[in-house]
Amino acid sequence: MPTYYYKAFNDQGKIVKGFYNADSERGVRKLISDQGLSCFKIKKTYKKTNHKLKISSKKVLLFTKQLSNLLKSNVGIDDAIKLAATHITDVSFKKVIYEISENVQQGQRLADAMAPFKRIFSKTFVSLVKIGDESGNLGFVFTNLSYYLEERLKIKQKIISALVYPAILFGFSMFIILVLLNVVMPVVVSQFTNSSVALPFLTRQLLFLANHFSLIIMSLLSFCFIVVLIYKSLIKNKHIHLYLHSLILKIPILGSFICITEIENFSSSLYLMVHSGIPLNISLRECSHIFYNIYFQDVIYDLAIELDKGNDFSQLISGKKYFPETFIQLITSGYQSGDLAESLKNASDYMKSDLENRRQIILSLIEPAIIVMMGILTLIIVLAILLPIL
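Residues numbered from 1 in each chain as written. Predicted model: local features only at pLDDT ≥ 70, side-chain atom pairs only at ≥ 80, totals over all residues. Heavy atoms only, no water.

Re unusual backbone geometry
Basically, it comes down to this: Each helix is a run of DSSP H or I of at least 4 residues and each strand a run of E of at least 2, with the numbering of both proceeding from the N terminus.
Phi at Ile253 is positive, roughly 65°, even though this residue is not glycine. Position of Ile253 relative to the elements: it lies in the loop between helix 10 (238-248) and helix 11 (254-275). Look at Tyr322: it is not a glycine, yet its phi comes out positive at around 80°. Counting through the fold element by element, Tyr322 comes out in the loop between helix 14 (313-318) and helix 15 (325-337).

Considering helix 4 (residues 91-105)
This is how it is decided: A helix's residues, less one, multiplied by 1.5 Å, set its expected span. Partly exposed describes any residue whose relative accessible area lies between the buried limit of under 20% and the exposed limit of over 50%, with all areas from a 1.4 Å probe on protein chains only and scaled to the type maximum. Two N or O atoms count as a polar contact when they lie within 3.5 Å, although within protein this holds only if one can serve as hydrogen donor and the other as acceptor, and sequence-adjacent residues are included solely when both atoms are side-chain atoms.
For helix 4, which comprises 15 residues, the first-to-last C-alpha distance of 21 Å matches the rise-based estimate of 21 Å (1.5 Å per residue) to within 8%. Counting buried positions over the 15 residues of helix 4 gives 12, a clear majority of the element. Listed in full, the buried residues belonging to helix 4 are Phe93, Lys94, Lys95, Val96, Ile97, Tyr98, Glu99, Ile100, Ser101, Glu102, Asn103 and Val104. Of the residues flanking the start of helix 4, the one acting as N-cap is Asp90, its side-chain oxygen 2.9 Å from the backbone nitrogen of Ser92.

Observations concerning the packing of helix 10 against helix 13 (residues 294-308)
The following threshold applies: To define axes, lines are fitted to C-alpha atoms, for helices over the stretch in contact only, and angles between the resulting N-to-C directions are given on a 0 to 180 degree scale. Each angle receives one of four descriptions, namely roughly parallel if under 35 degrees, roughly antiparallel if over 145, roughly perpendicular if within 65 to 115, and oblique otherwise. Any two residues whose heavy atoms approach within 4.5 Å at even a single point are treated as in contact. Think of it as three bins: nonpolar holds Ala, Val, Leu, Ile, Met, Phe, Trp, Tyr, Cys and Pro, charged holds Asp, Glu, Lys and Arg, and polar takes everything else, Gly as well.
One way to put it is that helix 10 packs onto helix 13 with a least axis distance of 7 Å and a crossing angle of 105°. Of the possible angle classes, the one that applies to helix 10 and helix 13 is roughly perpendicular. Between helix 10 and helix 13, the contacting residues are Lys238, His241, Leu242, His245 and Ser246 on the first element and Ile294, Tyr295 and Asp298 on the second. Grouping the constituent residues of the contact of helix 10 with helix 13 by class yields 3 nonpolar, 3 polar and 2 charged.

Focus on the pattern of salt bridges
To be explicit about the condition: Each reported salt bridge corresponds to a side-chain nitrogen of Lys or Arg within 4 Å of a carboxyl oxygen of Asp or Glu.
Going through the model one piece at a time under the given rule, you end up with 12 salt bridges. For Arg152, the salt bridge identified is with Glu264, shortest N-O distance 2.9 Å. You can see Arg152 sitting in helix 7 (residues 138-193) and its partner Glu264 sitting in helix 11, a full 112 residues away along the chain. The salt bridge partner of Arg358 is Asp354, with a shortest N-O separation of 3.3 Å. One end of the pair, Arg358, and the other, Asp354, are both in helix 16 (residues 340-386), 4 residues apart, so they sit about a helical turn from each other. If you follow the salt bridges from partner to partner, you end up with Glu151, Arg152, Glu264 and Lys352 in one network.

See below:
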């Protein structure tokens, strides 16, 4: 079924734009007329939707909530997607949803239709939709997904708001330092170089930095680019990729923070799946895809395989490295008591609290660290300017 782009006037005389899937242009005109709109332009679109398109988390959350409400009202999935699409204001996102709707109407599973848009719908999102579709429990799954996405969005907004002031402070401080380095210092120092006075070592080094600043920045960027290329080349080998990611987890402070972040995301996703009625072995297999770190992917996937063989989950997870002891105890106690979903929720809340505390500590240290660093750099520049005078 082709997609048509339309423009129409509403009852207030304002232009309304959007997309519709229909068998013909006449069908589109009928759909538009049913909405009380006066159509003045219809155009068949041939361009395929960009699968690398990025849509904001807030827009995906609103779409998920709308779909959840419609499905809970016993609206069919085909109609629910179309109705949710009509409330989307972003033209690009609306086109994506209409393409998904068209693929579903042609017999494709909803999860399979969403899967190509990896930058819009995460692996966790697609996995839950897939299993919810197979179990006939899509409404419940989308409700859980809306809570999950809303929580993730709140965390993201907290981090961004906490970083705004340090970012402004850092940017303004760097501007002052660059002005001192590239404008003030060369003017002052030139008075001494014209007099053939020998400049102190610190002044000479900073003068060299000021004169070759652009070259140094370009060299650093080129070095970073080469490092990234080498890294991407190395990780094509699975064993090297696994080794490098396991090394990252051993880096002091950074490795620990990455580890807690990955486990927190895993615990939230696992709770979401188990709470949605998905068996533990399937939930673990699906959750193994949500990790950014290959080491954790392998650990959880192997755990799912061992669970399929009939091994005890409590014993399997107890021996895993990098998982906090409290996290393991909460999960194993729930598994043994038969209340795994509740224990996963407690484990998820514990990991969220732990991660939030670590984030707060790091963010609270960023501001004084920037002030101290900028103060030291400014002091060095001022000394470089004053030393020839003294």
